[in-house]
Amino acid sequence: MNPVSSSPLFKQAALVAGEWLARSASGATFQVCDPFDGKTIATLPDLGLEETSRAIDAAARVQPEWAKRTAKERAGVLKRWFDLVIANADDLATILTAEQGKPLGEAKSEIISNAAYLEWFAEEAKRIEGEIIPGAHPSQRILVLKQPIGVCAAITPWNFPNGMITRKVGPALAAGCTVVLKPSELTPLSALALAALAEEAGVPKCAFSVITTTDAKSFGLEVTKNPTVAKITFTGSTPVGRWLMREGADTIKRFSLELGGNAPFIVFDDADLDAASDGALVSKFRNAGQTCVCANRIYVQQGVVEAFTEKLLSRVSTLKLGRGTEAGVTMGPLIDGRAVAKMEAHLADATAKGAKILSGGRRSSLGPTLFEPTVLSGVTQDMIVTREETFAPLAPIIAFRDEADVIAMANASEFGLAAYFYARDMRRIFNVAEALQSGMVGVNNGALANEMAPFGGIKQSGLGREGSHHGIEGYLELKYVALGGL
Ligand SMILES: NC(=O)c1ccc[n+]([C@@H]2O[C@H](COP(=O)([O-])OP(=O)(O)OC[C@H]3O[C@@H](n4cnc5c(N)ncnc54)[C@H](O)[C@@H]3O)[C@@H](O)[C@H]2O)c1
Ligand SMILES: O=C[C@H](O)CS(=O)(=O)O
């Protein structure tokens, strides 16, 4: 028996308004495939407007009751959900790797580190505090209440199919909101498994629905136009985020947007080159480079380019390409053929303009979506790879002269999600950290995400933050009560 389908968390049904639906109203279905070999691992109902609007109406019906629960009660449900995710992490990882392809170790790390958002927001639920402000007159008081926004639509991507959900549903439920989620059609099984555990944890029926559909645009049109939906929380590409904002403008939707990135990874000549090459390996090649905050361009100061490149190449040579379930594999497949084509387009553009392939540079014989980890030297700012998110295992090395030179190149992007640099001089560290146009900056650190920090971008990388005490604000509205006659 397929190890995925043997898990009780393996669902071939969508959770809509408290019911598990194995069939859609239209009878349409779609396949979920293993990105390693394209084989079908599940068949799901391809839901449409009927199910989406039913889920929205049900979410609206139960939201007031959920919001009336005490913060402690909501916290208790979230904490139980956290405990269940941790207890079922192996099953969840098997499902995640089957549909997304990443190595099991990475899948489990995604699940554990992002379950922490459920635990974090269970605690934050109890810290949703208002204010009492002295009034404009002795007989008055000013009250500021924080109240849940209401029904939220969540839309999530395929690259972290488990973690992107807990970062949204956790704070939403903590605040007293209800959620209708559309996961990526490429990786819906992780969402369904999480929903099964949420149900077991005591999340009320109808408070959290999962719509499985290949018609993302119709879902987008419904949630942006339906006045019952108060908020849209989206993680995905900038073009889709931009489209949702445009469509949501008619009903002044609230938005949280976690969008595309183009992270500069900068190595100064006073850096610890071993630490920098370790950090570059993690930041660039985790999830085969299919990560919003991954190093998309690597800038190395002229005096240390050769030494750093040698260290990076030796680390890249230790990566083991293969199926995510295979022991020892540290890099899995890209999600599909389009992703391979984008990698090859960026590579062709760079080499045509003079870049040199130092390692990799071709598809692997292990499978149609596996691409060898690739390091390029002699990359220049006119190459596409410095402007667009490659979202693949391509490490382009660009030499730079000094701080002013590299800050100008790093900031020459419409994106501003993550940036990294390695240096030891404290004046340089403060100067560069403050000058980089990015929502998040890793200094001598190649891994940013954790539940205690405000994760998110500036410019066209997004709106709002996920995680930290800031992360719940996006699910609350302020109400000013002018109390007179006292
Ligand atoms: N900033 C972050 O935290 C973060 C995290 C993960 C991924 N991302 C970004 O996501 C992108 C990769 O993910 P992707 O390929 O799934 O992105 P995508 O934008 O193609 O899809 C993301 C989600 O949006 C849905 N979608 C697509 N078109 C839609 C529409 N018209 N209306 C409603 N929903 C629609 C998809 O079905 C999917 O569920 C990259 O750009 C990456 O940087 C950002
Ligand atoms: O790609 C998106 C994720 O947000 C990456 S991370 O897990 O937050 O580093």
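The chain has the name NAD-dependent succinate-semialdehyde dehydrogenase in an unreviewed UniProt entry, where Mesorhizobium liriopis is given as its organism. Under the UniProt heading Sequence similarities (unreviewed entry), the entry covering the chain gives this text: "Belongs to the aldehyde dehydrogenase family."

Enquirer: Where do I start with the side chain of T390 in this structure?
Expert: As for its placement among the helices and strands, T390 is situated in the loop between β15 (374-377) and β16 (394-400). A polar contact is formed between the side chain of T390 and the side chain of H346, at a distance of 2.9 Å.

Enquirer: Would you mind showing me how to read the UniProt feature "domain: Aldehyde dehydrogenase" (unreviewed entry) in the chain here?
Expert: What UniProt calls "domain: Aldehyde dehydrogenase" (unreviewed entry) maps, in this numbering, to residues 25-481. In the segment residues 25-481, helix accounts for 39% and strand for 21%; the C-alpha atoms at its two ends are 45 Å apart.

Enquirer: What exactly am I supposed to notice about the UniProt feature "active site" (unreviewed entry) in the chain here?
Expert: Per the UniProt entry, the sites bearing "active site" (unreviewed entry) are E258 in this numbering. Mapped onto the elements of the fold, E258 is located in strand β11 (residues 254-258). Its relative accessible area of 5% is what places E258 among the buried residues.

Enquirer: Would you mind going over the site of ligand 2 with me for this structure?
Expert: Lining the immediate environment of ligand 2, one finds N159, F160, M164, R167, R286, T291, C292, V293, A449 and F455. One of the side-chain nitrogen or oxygen atoms of R167 is found 2.8 Å away from an oxygen atom of ligand 2. Note that an oxygen atom of ligand 2 is positioned 2.5 Å from one of the side-chain N or O atoms of R286. Protein chains shield 95% of the accessible area of ligand 2, which is 270 Å² for the free molecule. Taken atom by atom, the bulk of ligand 2 overlaps the second largest pocket.

Enquirer: Would you mind going over the environment of I472 with me for this structure?
Expert: Residue placement: I472 occurs in the loop between β21 (462-463) and β22 (476-483). Other than its neighbours up to four places away in sequence, I472 contacts F121, E124, A125, I128, P171, A174 and A175.

Enquirer: How do you make sense of the packing of helix α2 (residues 71-87) against helix α6 (residues 189-201) when you look at a structure like this?
Expert: Helix packing geometry: the angle between the two helix axes and the distance between the axes. Contact geometry of α2 with α6 gives a least axis separation of 8 Å together with a crossing angle of 130°. The angle between α2 and α6 falls in the class oblique. For the pair α2 and α6, the crossing hand works out as right-handed. Listed contacts from α6 to V77, R80, W81, L84 and V85 of α2 are L194, L197, A198, E200 and A201.

Enquirer: How should I be thinking about helix α8 (residues 238-248) in this particular structure?
Expert: Because each turn of an α-helix spans 3.6 residues, side chains separated by three or four positions end up pointing in the same direction. Listing the buried residues of α8 in full gives T238, G241, L244, E247 and G248. Looking at the buried positions of α8, the neighbouring elements they touch are β7 (151-155), α7 (216-225), β10 (229-235), β11 and β17 (415-416).

Enquirer: How do you make sense of the site of ligand 1 when you look at a structure like this?
Expert: As a matter of local geometry, ligand 1 sits amid 29 residues, with T156, W158, E185, S237 and E389 nearest to it. Note that an oxygen atom of ligand 1 is positioned 2.7 Å from one of the side-chain N or O atoms of S237. When ligand 1 is considered free in solution it has 840 Å² of accessible area, and contact with the protein chains removes 88% of it. Here ligand 1 occupies the largest pocket.

Enquirer: Help me understand the sheet that holds strand β6 (residues 141-148), please; the structure alone is not making it clear to me.
Expert: The sheet built from three strands is open, its strands ordered β5-β6-β22 with antiparallel pairing. The two strands at the open ends of the sheet, each matched to only one other strand, are β5 (131-134) and β22. Mean inter-strand twist for the sheet, computed between neighbouring axes without regard to direction, equals 20°. Pairing geometry for β6 and β22, over eight bridges, is antiparallel. Bridge assignment links V144 to a residue of β22, and that residue is Y480.

Enquirer: Would you explain the sheet that holds strand β19 (residues 440-443) in this entry?
Expert: Across a sheet, strands are paired by hydrogen bonds formed along the backbone, either parallel or antiparallel in direction. Here we have seven strands laid out as an open sheet, ordered β14-β15-β16-β13-β12-β18-β19, and mixed in their pairing. The strands lining the two open edges of the sheet, one partner per strand, are β14 (356-359) and β19. The average undirected angle you get between the axes of adjacent strands in this sheet is 25°. Strands in contact with helix α9 (residues 273-285) are β12 (263-267), β13 (295-301), β15, β16 and β18 (418-422); relative to β12, the strand with the most contacts, it is inclined by about 165°.

Conventions and cut-offs
Residues numbered from 1 in each chain as written. Chains lettered and ligands numbered in written order. Predicted model: local features only at pLDDT ≥ 70, side-chain atom pairs only at ≥ 80, totals over all residues. Heavy atoms only, no water. UniProt positions renumbered as here; feature names shortened; annotations may be inferred. Helix = DSSP H or I, 4+ residues; strand = E, 2+ residues; numbered from the N terminus. Polar contact = N/O pair within 3.5 Å; in protein donor to acceptor, adjacent residues only side chain to side chain. Buried < 20%, exposed > 50% of the residue type's maximum accessible area, 1.4 Å probe, protein only. Near = heavy atom within 4 Å. Areas by Shrake-Rupley, 256 points an atom, 1.4 Å probe, with all protein chains shown as cover. 1 Å grid on protein atoms, 1.4 Å probe; cavity = no way out; pocket = protein on both sides within 12 Å on 5 of 7 lines; lining within 4 Å. Sits in = over half its atoms within 2 Å of the grid points. Contact = heavy atoms within 4.5 Å. Axes fitted to C-alpha atoms, helices over the stretch in contact; angles between N-to-C directions. Parallel < 35°, antiparallel > 145°, perpendicular 65-115°, else oblique. Left-handed = near helix turned anticlockwise from the far one by under 90°. Pairing = 2+ DSSP bridges.

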